[in-house]
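What the coordinates show
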Amino acid sequence: MTIATGGKMLNFGYWDDSVQTPLDAQRLLCTIVGELAELKSARCVIDVGSGLGAPAAYWMSSLNSLQVACVNINFLQLKGSKEDVSASLVNSTSTALPFATGCVDRVIALESAQHFRPLERFVQESARVLEEDGLLVMAIPVLKSFNKKKKLSHYLSLGILSMTWSSEHYALEYVESAIKGAGLSIESLRYIGPRVYEPLADYYLANRTELKPKILEVYPVYLEKVLFRSILKMKLLSQRGFIEYVLIKARKPESITKKEVRSVPTLQTP
Ligand SMILES: C[S@@+](CC[C@H](N)C(=O)[O-])C[C@H]1O[C@@H](n2cnc3c(N)ncnc32)[C@H](O)[C@@H]1O
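A brief structural summary. These figures come from a predicted structure and were not determined experimentally.

What follows deals with the overall build of the protein. From N to C terminus, the protein includes ten helices and seven strands. The buried share of the protein, taken over its 270 residues, is 49%. Total accessible area on the protein is roughly 13,600 Å²; 54% of this is exposed by carbon and sulfur atoms.

As structure tokens, this is what we get:
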């Protein structure tokens, strides 16, 4: 991604008519995720699977008082984040977040939760570190539901996605059940696959002649070929409805006692 974009974001981006370049698309995805996470009213955010810190830097550049902790299992990426972002940098896995219970009001996983294993453990950890009413927001590639017969051929065809989607292949139902199982309530679920896979693939196809030499400066020829086939397959699987990309917003409910206290009418002094 960084070779193709010249930037430091590592996600596929959100492609609408205003988008000209992959970097525009990535910024737009960051903006959409930031809005979904209601960052304007946030105090403290954990960005889990923070990549090179570019999304955090992007959010912090427009929200001065926002505190962000970038969590990444990849130490080298965290090190690479240092010069660009003033966030706290935490080298840790998503399944054991080194934060106190109830200490943050947002957890974001921007195109990273597809790597977390087991996903349930990450969601439970998110629910633990979130304060009541806090939000978990995920942007995640998922498998769409399909019948058993389709499932087999589908799994066989996913092999070719080794380059573009080299992680777990979670089904949407599984992600939803992990979230609900951790006691969070899903407030919104947005399907954005057609705004991600197809336009990204079309961009690569249209610009392959210019992008290929840049890639070959760093990687061998066969790898660009695998990437090319992987991108084509991704487009096809998206068009056939096998893969999706979803934006999920889930909230940690307030405890019953708190709700009850709030609903008690205030006594009027005579
Ligand atoms: C596709 S990149 C997305 C990075 C970033 N969110 C962005 O949009 O630029 C996925 C990131 O998740 C991180 N990651 C993968 N597995 C992880 C884990 N178990 N715990 C924490 N981070 C993880 C990777 O190191 C990588 O930085």
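Across the sheet, which stays open at both edges, the seven strands sit in the order β3-β2-β1-β4-β5-β7-β6 with mixed pairing between neighbours. In the strand order of this sheet, the two ends are held by β3 (88-91) and β6 (185-191), each with one partner. In this sheet, neighbouring strand axes are inclined to one another by 15 degrees on average, regardless of whether the strands run parallel or antiparallel. When strand β1 (residues 44-48) meets strand β4 (residues 104-110), the two strands line up parallel, connected through three bridges. Of the residues in β4, the one forming a bridge with Val-45 is Arg-106. Against the sheet, helix α2 (residues 22-36) makes contact with β4, β5 (130-143), β6 and β7 (243-251), and its axis sits at roughly 30 degrees relative to β7, the strand it touches most.

Let us now look at the site of the ligand. The local shell around the ligand holds 19 residues, among which Leu-10, Asn-11, Asn-72, Gln-77 and Leu-110 are the closest. Within the contact set of the ligand, an oxygen atom lies 2.7 Å away from a backbone nitrogen or oxygen of Leu-10. The separation between a nitrogen atom of the ligand and a polar main-chain atom of Gly-49 is 2.9 Å. Protein burial of the ligand: of its 600 Å² of free accessible surface, 90% is covered by the chains. Its residues placed into classes, the shell around the ligand shows six nonpolar, twelve polar and one charged.

Attention now goes to the environment of Gly-49. You can see Gly-49 is positioned in the loop between β1 and α3 (54-62). The spacing of Gly-49 and Ala-109 is 60 residues in sequence and 6.3 Å in space, taken between C-alpha atoms.

Bringing the nonpolar core into the picture now. In terms of nonpolar packing, the biggest core is built from 48 residues, with Val-33 and Leu-39 touching the most fellow members. At the level of secondary structure, the elements contributing two or more residues to this core comprise α2, α3, β2 (67-72), β4, β5, α8 (197-216), α9 (221-239) and β7. In terms of residue count, the dominant contributor to this core is α8 (seven residues). If sequence neighbours within four positions are ignored, Leu-39 has contacts with Gly-34, Val-45, Trp-59, Leu-63, Leu-66, Arg-106 and Ile-108. With 32 residues, the next largest nonpolar core counts Val-90, Ala-109, Val-129 and Leu-184 among its residues.

With respect to the element layout, Ser-94 can be found in the loop between β3 and β4. In contact with Ser-94, not counting residues within four places along its chain, are Val-48, Phe-116, Phe-122 and Glu-125.

Owing to its 3.6 residues per turn, the α-helix brings residues three or four apart onto one side. When the terminal C-alpha atoms of α9 are compared, their 28 Å separation across 19 residues agrees well with the 27 Å that a helix rising 1.5 Å per residue should span. Once α9 finishes, Gly-241 follows within two positions and takes phi at roughly 80 degrees, a positive value.

With that out of the way, let us pick up the state of the cysteines. One pass over the full model with this rule turns up zero disulfides. In this structure Cys-103 is a free cysteine whose sulfur lies 6.2 Å from that of Cys-44, the closest cysteine sulfur available. Among the residues examined, Cys-103 registers a relative accessible area of 25% and is labelled partly exposed.

Definitions and cut-offs
Residues numbered from 1 in each chain as written. Predicted model: local features only at pLDDT ≥ 70, side-chain atom pairs only at ≥ 80, totals over all residues. Heavy atoms only, no water. Helix = DSSP H or I, 4+ residues; strand = E, 2+ residues; numbered from the N terminus. Buried < 20%, exposed > 50% of the residue type's maximum accessible area, 1.4 Å probe, protein only. Areas by Shrake-Rupley, 256 points an atom, 1.4 Å probe, with all protein chains shown as cover. Pairing = 2+ DSSP bridges. Axes fitted to C-alpha atoms, helices over the stretch in contact; angles between N-to-C directions. Contact = heavy atoms within 4.5 Å. Near = heavy atom within 4 Å. Polar contact = N/O pair within 3.5 Å; in protein donor to acceptor, adjacent residues only side chain to side chain. Nonpolar A, V, L, I, M, F, W, Y, C, P; charged D, E, K, R; others polar. Core = buried A, V, L, I, M, F, W, Y, C linked by side-chain atoms within 4.5 Å. Expected span 1.5 Å × (residues − 1). Disulfide = S-S within 2.5 Å.

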